[in-house]
Amino acid sequence: MSTERIPVAAGLFAETKDGARLIGSRCATCHTPYFPKVDFCRHPECGASRIEDAAFGPDGTIWSCAIQDYPPPAPARFDKPYKPYAMAVVDLADGLRVLGQITTDDIRGVTPDTKVTLIVDTLCHDEAGNEIVTWKFRPVESSRKALP
C-alpha cells in the first residue's frame, strides 16, 4: 500500500526547487504582504489596492515563541499519542510575519532571534496512513544560541 503526501489545505504552500514557499499576496502599491492570499489591500493608508500573487520564504528569524504542552482543541490535527511542540512567530526575510511549528527535538531550546528555514513537513496521518503535510520551520543550527 502506497501512501500520499496531502496538503492540510490547498493553495497555502508549495515545494519548489529553491525550497518551500508560502503562497500569498502583496500589494504592489504599498508592498504590504498577506498570507493567505487576499483580494484587496487592507492597509488603511494604501491609496490604490493592487494585489499581486506572491511567494514567501524560505529564510526567517524567530520573533516570539512558545511551547504547545497540551493537545489543542478541534479542528487541530495531530497524531496520537500527543507530543508537545514549539510554535513561533517568524519574520520572513521578505516581510511577512507568520506563525508556524518549529521542527526540533529540543523544543525548550527554541528562542527568539534564532534563524529558521521554511519546510514542508508531516503534521499528522489520516485513517489511510497518508501524510497530511503543512508548513513548518527548521532552526538553522549555526544560529542557535545557548540560554544563560
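Before any of the text, the structure's been laid out above.
A word on the overall build of the protein. Of the regular secondary structure elements, the protein holds 0 helices and 10 strands. Going from the N terminus to the C terminus, the protein shows its helices and strands as β-β-β-β-β-β-β-β-β-β. For the protein, the spread of C-alpha atoms along the three principal axes comes to 50 × 45 × 35 Å. Element-wise, carbon and sulfur atoms account for 53% of the exposed surface of the protein, whose accessible area totals about 8900 Å². Across the protein, 17 positive and 20 negative side-chain charges occur, with their mean positions spaced 3 Å apart.

Where the residue is not glycine, phi is negative for most of them; where a peptide bond is considered, it is trans in most cases. In this model, Phe35 is joined to Pro36 through a cis peptide bond whose omega is -5 degrees. Relative to the assigned elements, Pro36 resides in the loop between β4 (33-34) and β5 (51-56). Residue Lys80 is joined to Pro81 through a cis peptide bond whose omega torsion reads 5 degrees. With a phi close to 70 degrees, His31 is a non-glycine residue in the positive phi region. Within the secondary structure layout, His31 lies in the loop between β3 (19-27) and β4.

As a further point, take the state of the cysteines. Following the criterion strictly, the structure yields 0 disulfides and no others. For the unlinked cysteine Cys27, the closest cysteine sulfur is that of Cys46, found at 3.6 Å. The exposure class of Cys27 is buried, given its relative accessible area of 0%. Free cysteine: Cys41, not disulfide-bonded; nearest cysteine sulfur from Cys30 at 3.5 Å.

Turning our eyes to something else, we now look at the nonpolar core. Core analysis: the biggest nonpolar cluster contains 23 residues, and Leu22, Leu92, Val98, Trp135 and Phe137 have the highest contact counts within it. Every element with two or more residues in this core is listed here: β3, β5, β7 (85-92), β8 (97-102), β9 (115-125) and β10 (131-139). Residues within four places of Val98 in sequence aside, it is in contact with Leu22, Phe35, Ala88, Val89, Val90, Leu92, Trp135 and Phe137. In terms of nonpolar packing, the next biggest core, distinct from the first, is built from 5 residues, Cys27, Tyr34, Cys41 and Cys46 among them.

Right, let's talk about the pairing of β10 for a bit. Within β10, 7 of the 9 residues are buried, which leaves the element mostly enclosed by the surrounding structure. Two strands pair when backbone bridges link them, and strand β1 (residues 5-7) and β10 are joined in this way by 3 bridges, in the parallel orientation. Across the sheet, Pro7 pairs through a bridge with Val133, a residue of β10. Where β8 meets β10, 2 bridges bridge the pair, whose relative direction is parallel. Residue pairing in the sheet places Ile102 in a bridge with Phe137 of β10. In this structure, β9 lies alongside β10, joined through 9 bridges in antiparallel fashion. Bridge assignment links Asp121 to a residue of β10, and that residue is Thr134.

Definitions and limits used
- Throughout, residues of each chain are indexed from 1 in the direction in which the sequence is written.
- Per-residue local features are limited, in this predicted model, to residues with pLDDT of at least 70; the limit for side-chain atom pairs, both in listing and counting, is 80 or more; totals at the level of whole chains, interfaces and linings are taken over all residues.
- The basis for every side-chain value is the complete set of non-hydrogen atoms in the structure, without hydrogens or water.
- Counting from the N terminus, the helices are DSSP H or I runs at least four residues long and the strands are E runs at least two residues long.
- Reported accessibility uses the Shrake-Rupley method at a 1.4 Å probe radius. Residues are deemed covered only where the shown protein chains occlude them.
- Charge counting treats Lys and Arg as positive and Asp and Glu as negative, with His and both chain ends excluded.
- For charged residues, the charge sits on one atom: NZ in Lys, CZ in Arg, CG in Asp, CD in Glu.
- Cysteine sulfur atoms are paired as a disulfide whenever they come within 2.5 Å of each other.
- The buried label applies to any residue whose accessible area, calculated with a 1.4 Å probe on protein chains only, is under 20% of its type's maximum; exposed applies above 50%, and partly exposed to all values in between.
- We call a set of buried Ala, Val, Leu, Ile, Met, Phe, Trp, Tyr and Cys residues a nonpolar core when their side-chain atoms join them within 4.5 Å.
- In this analysis, two residues are considered to be in contact whenever any of their non-hydrogen atoms come within 4.5 Å of each other.
- For two strands to be treated as a pair, DSSP must find at least two bridges joining them.

Purely spatial values, then, with no claim about function.
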